[in-house]
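If you want the building blocks of each chain, they are given just below.
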Amino acid sequence: MKNSAGNPEAPVFGVAAEFQCARDLYHAAEKIRDAGFRRWDVFSPFPIHGMDEAMGMKRSLLGKIVFLGGLTGFLTAVTLEFGPTSFLYPLIVAGKPTNLFTVPAFFPIMFELTILISAFTAVFGMLIMNGLPRLNHALFNWDRFKKVTEDKFFVAIEAGDPKFSERSVRDFLESLGGTNITTIHGD
Amino acid sequence: MASAAMEIPHSTFHIPHFFQAMSEATATIEEKVTDEEKAVVRPPLVLNKRTMGWISSYISSIVEDKTPRWWWVSMGVTVPMTLMCLSMLAYLISTGVGVWGNNHPVGWAWDITNFVFWIGIGHAGTLISAILFLTRQKWRTSINRAAEAMTLFAVVCAGIYPALHVGRVWMAWFLAPVPNANGIWQNFRSPLLWDVFAVSTYFTVSVLFWYTGLIPDLATIRDRCTSKIKKFVYGVMALGWRGGNRQWRHYEKAYLILAGLSTPLVLSVHSVVSFDFATSVIPGWHTTIFPPYFVAGAIFGGFAMVLTIMIPACAIYKPLHDLVTINHVDKMCKIILLTGSIVGYAYLMELFIAWYGGNPYERAAFWYRAFGSYWWAYWAMMFCNVVAPQLFWFKFFRTHLVWVWIIVQFPNMGMWFERFVIIATTLSRDFAPSAWGMFHPTWVDICTFVGTFGLFTTLFLIFIRFLPMICMFEVKAVLPEADPHHGEAHH
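Residues numbered from 1 in each chain as written. Chains lettered and ligands numbered in written order. Predicted model: local features only at pLDDT ≥ 70, side-chain atom pairs only at ≥ 80, totals over all residues. Heavy atoms only, no water.

### Remarks on helix α5 (residues 69-95) of chain B
Residues and elements named next belong to chain B.
Stage number 1. Between its first and last C-alpha, α5 extends 39 Å over 27 residues, near the 39 Å set by a 1.5 Å rise per residue.
Stage number 2. Along its length, α5 shows its largest kink, about 25°, at G76, and proline P80 lies within four residues downstream of that point.
Stage number 3. All of the buried residues along α5 are W71, M75, T78, T82, C85, M88, L89 and L92.
Stage number 4. On its buried face, α5 is in contact with α7 (144-165) and α17 (443-466).
Stage number 5. Looking one or two residues past α5, G96 carries a phi angle of roughly 135°, positive in sign. (Helix = DSSP H or I, 4+ residues; strand = E, 2+ residues; numbered from the N terminus. Expected span 1.5 Å × (residues − 1). Bend = angle between axes of the 7 residues up to and from the residue. Buried < 20%, exposed > 50% of the residue type's maximum accessible area, 1.4 Å probe, protein only. Contact = heavy atoms within 4.5 Å.)

Written out as structure tokens, the structure is:
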């Protein structure tokens, strides 16, 4: 008996299997990694400690991107403060200079804008790297997948993987101890 | 759980290497030994062995079930208070800022007092969500969501005052970094402009942090929803979250970065607020101790507010006591005791420097604070902030919820008095006696302030009705079975 979800006429998105606990998912991930698959993912209700290594993934690039965001914020503040104070509208207040020596009084705004743009970069960078926001996804066609945000764990190997073949992936996931092995179709 | 075990820090949560080595050594003798050791090393953060499924169902049920009667009753009180606040603001805008009691010489009166009071309350939320995250204090997971929400709502209440006290609100855009109607640019070296940037950044980053934390939990509610409208609304809010590890890795990184950004941010916000005072040359304000003293006071008052709202929330939703345990309350009381003592030290140091510094104006300002016409506010502040929290040295007072709730009302009041003392006593005595005067609040002052409590509570009630008030995915992650090596004797 072959389980499938989504529109059977539509192209296959991949094959997914269910696991009952974080430990089983972790070990399944190690084996899928060692089998050489590339387009696959594990799904869990919470981030699992050490899963990046188990999947053979490097550190997220987000940190470097946020650095650029912070730099943008800092330079924005420098321009915003020196532009008007030193050039557009020089005004001597409380005997403070308007040239470079006034920089201590500029620190708070430089700091705040660095933080502000970094935070925006972190959140929107994370969303873009995750392919979010999106309204639908082939995996949502599978009813059991709803449990991924509750207490169940899943693996999905995508049809786009060079080593993918429905038959062998189903057998492979079964050999890893996956249950409810299901072929997921698109809409 | 033995009290001795509770004292052991939770830094051992992810079984450290020494413990793994230990379990390897003992596992060959008997499995049981390691289990007992585990129980001693890390007391469970979630009581009664609650499962992941239970956490999802219970927290979501608060949002999914029929609106309880107490919610309507509470809203019946807080919504009229909110409307009172809004009508007071409408009255102020339509009539003029003179409807408040601010007048020469006390030009910053209740408005700035209330601004600093509310913004300070927000700080505990960010402390819990950011600083305790970076220091790996896993117990924070069950309180961070509600505390962050509290931060946002407190900042909303705070924002009202500086925006409205400018008098002609329609001119508030003069604060934005664009040349104003007369072609004049802002003075970027003014602490008041720093404040605009600090508070708006603080609010924005707090919203981003809070929403980022909500995404996986909104997905949980989306996946449980039965009605089509709810499914659509929560579905859109969850942004299509699927919980794949390829998402989690960026997500965790983003969360860590946000925590890292928020930590200096929260310390900077109240420092910048204190610069509003400290960079002036007014006796009683012109002190370098202000930034750390304001930050400590903010955390002190903020934790008091967290307990003020979390204790009743857990009393209403009793099973939450398995997540927000007495251990949490105990820890928060200790933080209140610590920060309250720092604040007390700052008060005494101010007095000492006023005497030791030899500036006659400074000395007169502090003499006036303690023994002048506002003596009652000064001693109320001293009692509420320094004396009352000392009860938290006793475990009895830290672990009995009714007592905790009563005692934390003192910091709540005391921190308001502190800001009032700093602002009103200093301004009411100018350098020349001809410029002396007292501040008297008007009924509009009082109704606006009382109204902000209504606004704060209304927003909080809406929050607990429509959003998960406990961070479900993080609580699941601190369960023992979330460890990918759970139950493995050898690794």
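So, next bit.
### Observations concerning the packing of aromatic side chains
Within a pair of aromatic rings, the relevant descriptors are the distance that separates the centres and the angle that separates the planes.
Stage number 1. Taken as a whole, this structure holds 64 aromatic pairs over all chains when the rule is applied.
Stage number 2. Relative to F145 of chain A, the ring of F140 of chain A has its centre 6.3 Å away and its plane inclined at 50°; by these criteria the two rings are tilted.
Stage number 3. Residue F140 of chain A is classed as partly exposed on the basis of its relative accessible area of 25%.
Stage number 4. Given a relative accessible area of 2%, F145 of chain A falls into the buried group.
Stage number 5. Note on F396 of chain B and F397 of chain B: the rings are 5.3 Å apart at their centroids and 85° apart in plane angle, and the pair reads as edge-to-face.
Stage number 6. Over the face of the ring belonging to F133 of chain B we find R136 of chain B, whose NZ or CZ atom lies 5.9 Å from the ring centre. (Phe/Tyr/Trp six-rings, centres within 6.5 Å; stacked < 30°, edge-to-face > 60°. Lys NZ or Arg CZ within 6 Å of the ring centre and 35° of its normal.)

### Thoughts on the domain arrangement of chain A
Stage number 1. Each domain of chain A was delimited in the assignment, giving domain 1 (3-56 + 132-185) and domain 2 (62-129).
Stage number 2. Distance between the C-alpha centres of domain 1 of chain A and domain 2 of chain A: 44 Å. (Domains from an automatic or database assignment.)

### Some points on the interface of chain B and chain A
Stage number 1. Chain B puts 62 residues into the contact, and the matching count from chain A is 71 residues.
Stage number 2. For the chain B and chain A pair, buried surface summed over both sides reaches about 5,800 Å², with 67% attributable to carbon and sulfur atoms.
Stage number 3. A per-residue breakdown of the area chain B buries against chain A is headed by R189, R242 and R246 of chain B, which together make up 16% of the total.
Stage number 4. In this structure, E150 of chain A and R224 of chain B form a salt bridge, with 3.8 Å as the shortest nitrogen-oxygen distance.
Stage number 5. Connecting chain B to chain A are 22 residue pairs in polar contact (both at pLDDT 80 or more).
Stage number 6. For the side of chain B that touches chain A, the elements supplying multiple residues, two or more each, are α4 (52-64), α8 (191-224), α9 (228-237), α10 (245-278) and α18 (472-477) of chain B.
Stage number 7. Ranked by the residues each element gives to the side of chain B that touches chain A, the list is headed by α10 of chain B, at 17 residues. (Buried area = accessible area lost by both parts, 1.4 Å probe. Salt bridge = Lys/Arg side-chain N within 4 Å of Asp/Glu carboxyl O. Polar contact = N/O pair within 3.5 Å; in protein donor to acceptor, adjacent residues only side chain to side chain.)

### Quick notes on the environment of S87 of chain B
Residues and elements named next belong to chain B.
Stage number 1. Along the chain, the position of S87 falls in helix α5.
Stage number 2. Looking at S87, the relative accessible area reads 38%, which means it is partly exposed.
Stage number 3. Expressed as a C-alpha distance, the spacing of S87 and G183, which sit 96 residues apart in the sequence, is 34 Å.

### Quick notes on empty space enclosed by the protein
Stage number 1. The tally for this structure, following the rule as stated, stands at eight cavities of 30 Å³ or more.
Stage number 2. Counted as a void, the largest cavity has a volume near 70 Å³.
Stage number 3. Per-class residue counts for the lining of the largest cavity are six nonpolar, three polar and one charged. (1 Å grid on protein atoms, 1.4 Å probe; cavity = no way out; pocket = protein on both sides within 12 Å on 5 of 7 lines; lining within 4 Å. Points joined across faces, edges and corners; volume = space filled by probe spheres on them. Nonpolar A, V, L, I, M, F, W, Y, C, P; charged D, E, K, R; others polar.)

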